[in-house]
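So the chains spell out like this:
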Amino acid sequence: MDPDHESMKRAAAEAAVEMVEDGMIVGIGTGSTAAYAITALGEAVEAGLEITGVPTSDAARYRAKTAGITISDLDMVDGIDLAIDGADQACEGTLIKGGGGAHTRERIVDAAADQFIAIVDERKVVDQLDAPIPLEVLPAARHLVQAAVDDLGGTATVRTSGSTDGPAYTERGMLLIDADMGMIEDASAVAKELDTLPGVIDHGLFIGLADSLLVGTPDGVEREW
Ligand code: 5RP
């Protein structure tokens, strides 16, 4: 654990939580940066803030419930006022998400929000996206998807889990394939290709979804967009 980057993650998360108002329905993100937001939200709830959280994953649900946040589901609420979620990489309005394998549900919750605030530390902000793009894939389509990623000029790696010594499965029992597309010149074009691959439930390219990107830096929190 790098204490400096942990402080930057926490600072970005706490700045996002400051935007939460009483009575809001809040989308609850997944990952270690979002976890800082959940902790801060839990503390605010303990101090009297009334919110309902809509989690982006079972992990986020567990964490939020443990923090004392009232939980609901997307199909039980009229809408989401504000979602707070992390990202693996960010560049000019586009995020790569899915490092925690939760991107399918994250997209649904984040897209449903009136405002989606992405939170990262400064290491995640790049001039050009180049992180592997997580794909949630039906197990039966594994070879088909790997071949299709190869055809697109990328390299597909099935994500493995240290704990099971085998593939990592999502909460829906799907595989995760990380598609390394090298330097991503045109994220929209790549997203369009990935959108059409049979067997891919969703990919981690979030284009134009985040209304704001809050970045934790050594000098405080900066708003990138
Ligand atoms: C999970 C995600 C996470 O938000 C992303 O991986 C960032 O995680 P962390 O804050 O731990 O770096 O997309 O699917």
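For clarity, every value in this text was computed on a predicted model and none was experimentally measured.

Procedures and definitions
Residues numbered from 1 in each chain as written. Predicted model: local features only at pLDDT ≥ 70, side-chain atom pairs only at ≥ 80, totals over all residues. Heavy atoms only, no water. Patch = residues over 30% accessible without salt bridge, like charges linked within 9 Å, V, L, I, M, F, W, Y side chains within 5 Å. Areas by Shrake-Rupley, 256 points an atom, 1.4 Å probe, with all protein chains shown as cover. Salt bridge = Lys/Arg side-chain N within 4 Å of Asp/Glu carboxyl O. Lys, Arg positive; Asp, Glu negative; His and termini not counted. Charge placed at Lys NZ, Arg CZ, Asp CG, Glu CD. Helix = DSSP H or I, 4+ residues; strand = E, 2+ residues; numbered from the N terminus. Buried < 20%, exposed > 50% of the residue type's maximum accessible area, 1.4 Å probe, protein only. Near = heavy atom within 4 Å. Polar contact = N/O pair within 3.5 Å; in protein donor to acceptor, adjacent residues only side chain to side chain. Nonpolar A, V, L, I, M, F, W, Y, C, P; charged D, E, K, R; others polar. Pairing = 2+ DSSP bridges. Axes fitted to C-alpha atoms, helices over the stretch in contact; angles between N-to-C directions. Contact = heavy atoms within 4.5 Å.

**Examining a negative patch on the surface**
Next up, step 1: The grouping of Glu92, Glu122, Asp127, Asp219, Glu222 and Glu224 at the surface amounts to a negative patch.
Next up, step 2: Note on placement: Glu224 falls in the segment after β16 (220-223).
Next up, step 3: Glu224 gets classed as partly exposed once you look at its relative accessible area, which sits at 44%.

**Overview of the site of the ligand**
Next up, step 1: In the vicinity of the ligand, 17 residues are found, and the nearest of them are Thr30, Ser32, Thr33, Asp88 and Gly98.
Next up, step 2: In this structure, Ser32 approaches the ligand through a side-chain N or O atom, which is 2.5 Å from an oxygen atom.
Next up, step 3: One of the side-chain nitrogen or oxygen atoms of Thr33 is found 2.5 Å away from an oxygen atom of the ligand.
Next up, step 4: Here the ligand, which alone exposes 380 Å², has 89% of that area covered by the protein.
Next up, step 5: Those elements giving two or more residues to the shell around the ligand turn out to be α2 (32-46) and α4 (103-112).
Next up, step 6: Residues belonging to the shell around the ligand are distributed by class as follows: two nonpolar, 10 polar and five charged.

**Quick word on the sheet that holds strand β12 (residues 175-180)**
In sheet architecture, strand pairing relies on hydrogen bonds along the backbone and comes in two forms, parallel and antiparallel.
Next up, step 1: Reading across the sheet, the four strands line up as β9-β12-β8-β13 and stay open at both edges, with antiparallel pairing between neighbours. If you trace the sheet from one side to the other, it starts and ends with β9 (155-158) and β13 (200-203), each paired once. Strand-to-strand, the axes of this sheet are offset by a mean angle of 30°, without reference to chain direction.
Next up, step 2: Bridge analysis of β9 against β12 gives four bridges, and the strand direction is antiparallel. Across the sheet, the residue bridging to Ala156 is Ala179, located in β12.
Next up, step 3: Across the sheet, helix α5 (residues 142-151) lies against β8 (133-137), β9, β12 and β13, angled at about 150° from β9, the strand it touches most.
Next up, step 4: Across the sheet, helix α6 (residues 187-195) lies against β8 and β13, angled at about 160° from β13, the strand it touches most.

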